[in-house]
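These are the residues of each chain, in order.
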Amino acid sequence: MEYFDWTSSVFHSVPYPVTCTTRGADLTQDTVVVLCPPQCTQWRMSVFGTGVYAAVSSICGAAVHRGILGPAGGPVRVHRLQGRHNYISSYAHGIHSQALSHWTASFSLTSRWSHFELKEWPNQQSDCQMDIAMVIDSSSNIGQRRFNLQKNFIAKLAAMLRVGPIGPHIGLIQASDSPRTEFLLTNYTQPKELLFAIKELAYLGGDSNTGKAIMHTAETFFSQENGGRRGHPRVMMVLIDGWPSDDLDQAAMLARESGINVFLVSVAKPAPEELSMVRDKDFMKKAVCKDNGFFSYPIPSWFSTTKHIRPLIQRLCSLDGLLCSKTCYNSVNIGFLIDGSSSVGDGNFQLVLEFLAGIARSFEISDVGAHIGAVQFTYEQRLEFGLSDYSNKDDAINALRRISYMSGGTSTGSAISYTTQNLFRRTGPGRNFLIVVTDGQSYDDVRGPAMAAHKQGITIFSVGVAWAPLDDLKAMSSEPKDSHTFFTREFSGLSEFVPLVVRGICKDFTENN
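This one's a predicted model, so the numbers in the text were calculated from it and none came from an experiment.

We now examine the overall build of the protein chain. What the protein chain contains, in helices and strands, is 14 helices and 20 strands. Relative to the globule expectation of 24 Å for 513 residues, the C-alpha radius of gyration of the protein chain, 30 Å, shows a markedly less compact shape. Along the three orthogonal principal directions, the C-alpha set of the protein chain runs to about 95 × 70 × 35 Å. Burial statistics for the protein chain: of 513 residues in total, 53% are counted as buried. Long-range contacts, defined as pairs at least 24 residues apart, comprise 77% of the intrachain contacts of the protein chain with a sequence gap of at least 6. Accessible area of the protein chain: about 22,800 Å², with a carbon and sulfur share of 50%.

And the structure:
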């Protein structure tokens, strides 16, 4: 067999749960594995000694001091020793241990995995700075035995990936009747803790609703609240035994639109006599980031997975190959060209700014993500802020809301030329968008400046209010005119256009990239 024996000495003891304040003196065995809870550093823990600790010490506090227990908690091996004199004080890993002249019993600590080294993986991946969600098959299709083989496989994969604070982070979801999140990206950032968490996974059974699991993962798993890191590529590795019970189309589309690179690892594909039971024979093509062979990885059997670990990791960690990392939400430059003429009025001007803020809120604005800039115009033009002036969403939206109303005439054509030359001057074509908002007739020609902007690779959406002529709006808009032109009689109707404009930007970006 090519898989770990989970009943071997690597994990031979079931950990005994303790509290953060449980003392060495509270244990009766000479050697025992205990399970410390998370966040013990938030408790007041008494620790006496260094390396060898007085039995009156907190076990978990001593483990943090020793450097073998992190914030997530976990298992620790405790060895009971005789009492001694002169326990030494020291400061380590945020814990200040105290000196003690004498105590009647002592203990020392080792990692639960002290005799299990990861040296069997000599070429571990150390430069793979991805956020990786593993979606594993826990359905009745796979069964308990193959489920254990699957755990062995992902444990080996995790061991070679070598998770760490600046390396890859791994979270895990089980696919069954309903998806179940087992742990998030930041729950286990040490390899040994992660292996233990994988070992503890329980088989669920039920239908193979892989589509539900992909949707669940794409919706919230990579959010910053759940431990997703800004600027780190998002990877979802989906393992499936046989075929799914549900459709994958909508879930896979959401994943792609969210910038998630979906890999599908299919083990034991359907035999010819089983094909009639497969709901969608093209499920592999539809599930992945892109149907180019790179994101699909078939494995013939769970009994021959070891040789596939290294080539699979090379794909997961291939930054250049992750085609779905760049989406409209994190890659576009959006310029707002705002009519500040006298006919707008101060109250309506605020409604325009709220409309534009609603569009901006939909994008991941950052120094490496999407950018927004704004120009206000009357007969004159004023650069309110440039595309690179604000590197986070809150600052950019606050700057947008602070724009003061100019009041004056309306020269939309000159404003388009000004914006083309001053706002987009340092950006490449294919991802630049200009949203023009105006409420009236321009005193100058808009066709020539708009055409020049189109030739420069700037896509224009025209948004007209009140007395804005439809002919001028369409003359400014990019092709097809109907899907790039919006009009409302009242300024209060602008908010309805937010999702339509955002969807239009993303549609254009996807088609052009």
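What follows concerns the sheet that holds strand β20 (residues 485-488). Taken in spatial order, the 6 strands of this open sheet run β17-β16-β15-β18-β19-β20, and their pairing is mixed. Two strands lie at the open edges of the sheet, namely β17 (381-385) and β20, each paired on one side alone. Averaged over neighbouring strand pairs, the angle between their axes works out to 20 degrees when direction is ignored. In this sheet, strand β16 (residues 371-377) lies alongside strand β15 (residues 333-339) in parallel orientation, the contact comprising 7 bridges. Residue pairing across strands places I334 opposite I372, the latter belonging to β16.

So, on to the sheet that holds strand β12 (residues 234-241). Spatial strand order, β11-β10-β9-β12-β13-β14: 6 strands in an open sheet with mixed pairing. For this open sheet the edge positions go to β11 (180-183) and β14 (296-299), each flanked by a neighbour on one side alone. On average, adjacent strands in this sheet sit at an angle of 20 degrees to one another, irrespective of strand direction. In terms of strand pairing, strand β9 (residues 131-137) meets β12 through 5 bridges, oriented parallel. In the strand pairing of β12, I132 is matched with V235. Sheet contacts for helix α7 (residues 309-316): β12, β13 (260-267) and β14; angle to β14, the most-contacted strand, approximately 170 degrees.

Attention shifts here to the environment of S483. For S483, the position within the fold is in the loop between α13 (470-476) and β20. Residues S483 and N398 lie 85 residues apart in sequence; the distance between their C-alpha atoms is 29 Å. A polar contact is formed between the side chain of S483 and the backbone oxygen of P480, at a distance of 3.2 Å.

We now examine the packing of aromatic side chains. Taken as a whole and assessed by the stated rule, the structure comprises 13 aromatic pairs. Each ring, one from F263 and one from F294, has its centre 5.8 Å from the other, and the planes form 55 degrees; the classification is tilted. Taken together, the positions of F263 in strand β13 and F294 in the loop between α6 (283-287) and β14 put the pair 31 residues apart, joining distant regions of the chain. Ring centres of F385 and Y390 lie 5.3 Å apart, and the angle between their planes is 80 degrees; on these two criteria the pair is classed as edge-to-face.

Moving on, we get to the nonpolar core. M134, I154, L157, L161, M236 and M237 are the most contacted members of the largest nonpolar core, which has 65 residues in total. Take this core: its biggest share by element is 9 residues, from helix α2 (residues 143-161). When near neighbours in sequence (up to four residues on either side) are disregarded, M134 contacts I154, L157, L161, I170, G171, L172, I173 and M237. Membership of the second largest hydrophobic core comes to 42 residues, among which are F355, A396, F497 and V502.

Quick look at the pairing of strand β5 (residues 74-87) now. Bridge count between strand β2 (residues 31-36) and β5: 6 bridges; the pairing is antiparallel. Of the residues in β5, the one forming a bridge with C36 is G74. As paired elements, β5 and strand β8 (residues 100-111) share 10 bridges and run antiparallel to each other. Directly across from V76, in β8, lies its bridge partner S111.

Conventions and cut-offs
- Residues numbered from 1 in each chain as written.
- Predicted model: local features only at pLDDT ≥ 70, side-chain atom pairs only at ≥ 80, totals over all residues.
- Heavy atoms only, no water.
- Helix = DSSP H or I, 4+ residues; strand = E, 2+ residues; numbered from the N terminus.
- Rg over C-alpha atoms; globule rule 2.2 N^0.38 Å.
- Buried < 20%, exposed > 50% of the residue type's maximum accessible area, 1.4 Å probe, protein only.
- Contact = heavy atoms within 4.5 Å.
- Areas by Shrake-Rupley, 256 points an atom, 1.4 Å probe, with all protein chains shown as cover.
- Pairing = 2+ DSSP bridges.
- Axes fitted to C-alpha atoms, helices over the stretch in contact; angles between N-to-C directions.
- Polar contact = N/O pair within 3.5 Å; in protein donor to acceptor, adjacent residues only side chain to side chain.
- Phe/Tyr/Trp six-rings, centres within 6.5 Å; stacked < 30°, edge-to-face > 60°.
- Core = buried A, V, L, I, M, F, W, Y, C linked by side-chain atoms within 4.5 Å.

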